[in-house]
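What follows is each chain in one-letter form.
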Amino acid sequence: MASSDHTAGFDPADRLAQDRESVRRRFWIKFKQVVAQLPFAEDLLAAYYCAFDRETPRHVQAALLGAVAYFILPLDFMPDMLPLLGFTDDAAVLATAIRMVAGHITQEHRDAARAALKRGIDTAGVTE
């Protein structure tokens, strides 16, 4: 599938999303750094688990990987270091992606996200 078939329309995130291992590695680094500031942490993790689930259709993976890649970009529309506003653009991109593919984010993905948050972020990415 060509990357332009199902992209988020933001070139840096789209390019990053094509490198699944880089997204995986960089996601956990950033997530551990900012999890306490994310009111949408569980949704982000559920989207992550869905994106890397082998049962998830490729077009859904592409949409979610684009949203996850946008989250890990160091420079985005609204810098993440801004208090209260920093993650609003990330939340909007994620919410849009989730709305587009909501039927593919299963209860298993949500349970895995909840469990990862419950057991602690230090071990969350180890089994992925």
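All values derive from a computational prediction rather than experimental measurement.

Things to note about helix H5 (residues 88–101)
Thinking step 1. A rise of 1.5 Å per residue sets the reference length of H5, with its 14 residues, at 20 Å; its end C-alpha atoms lie 20 Å apart and thus fit the reference within 8%.
Thinking step 2. Here H5 has its buried residues at Asp89, Asp90, Leu94, Ala97, Ile98 and Val101. Across the axial projection of H5, the buried residues extend over an arc of 170 degrees, all falling on one side. Facing away from the buried side of H5 by over 90 degrees, the exposed positions are Arg99 and Met100.

A word on helix H3 (residues 41–51)
At 3.6 residues per turn, the α-helix brings residues three or four places apart onto the same side.
Thinking step 1. Most of H3 is tucked away, with 9 of its 11 residues classed as buried.
Thinking step 2. Those residues of H3 lying buried are Ala41, Leu44, Leu45, Ala46, Ala47, Tyr48, Tyr49, Cys50 and Ala51.

Some words on the side chain of Thr56
Thinking step 1. Note on placement: Thr56 falls in the loop between H3 and helix H4 (58–72).
Thinking step 2. Overall, the relative accessible area of 6% leaves Thr56 in the buried class.
Thinking step 3. Look past the residues within four positions of Thr56 in its chain and what remains in contact with it is Cys50, Gln61 and His109.

The rules we used
- Residues numbered from 1 in each chain as written.
- Predicted model: local features only at pLDDT ≥ 70, side-chain atom pairs only at ≥ 80, totals over all residues.
- Heavy atoms only, no water.
- Helix = DSSP H or I, 4+ residues; strand = E, 2+ residues; numbered from the N terminus.
- Expected span 1.5 Å × (residues − 1).
- Buried < 20%, exposed > 50% of the residue type's maximum accessible area, 1.4 Å probe, protein only.
- Arc of directions from axis to C-beta.
- Contact = heavy atoms within 4.5 Å.

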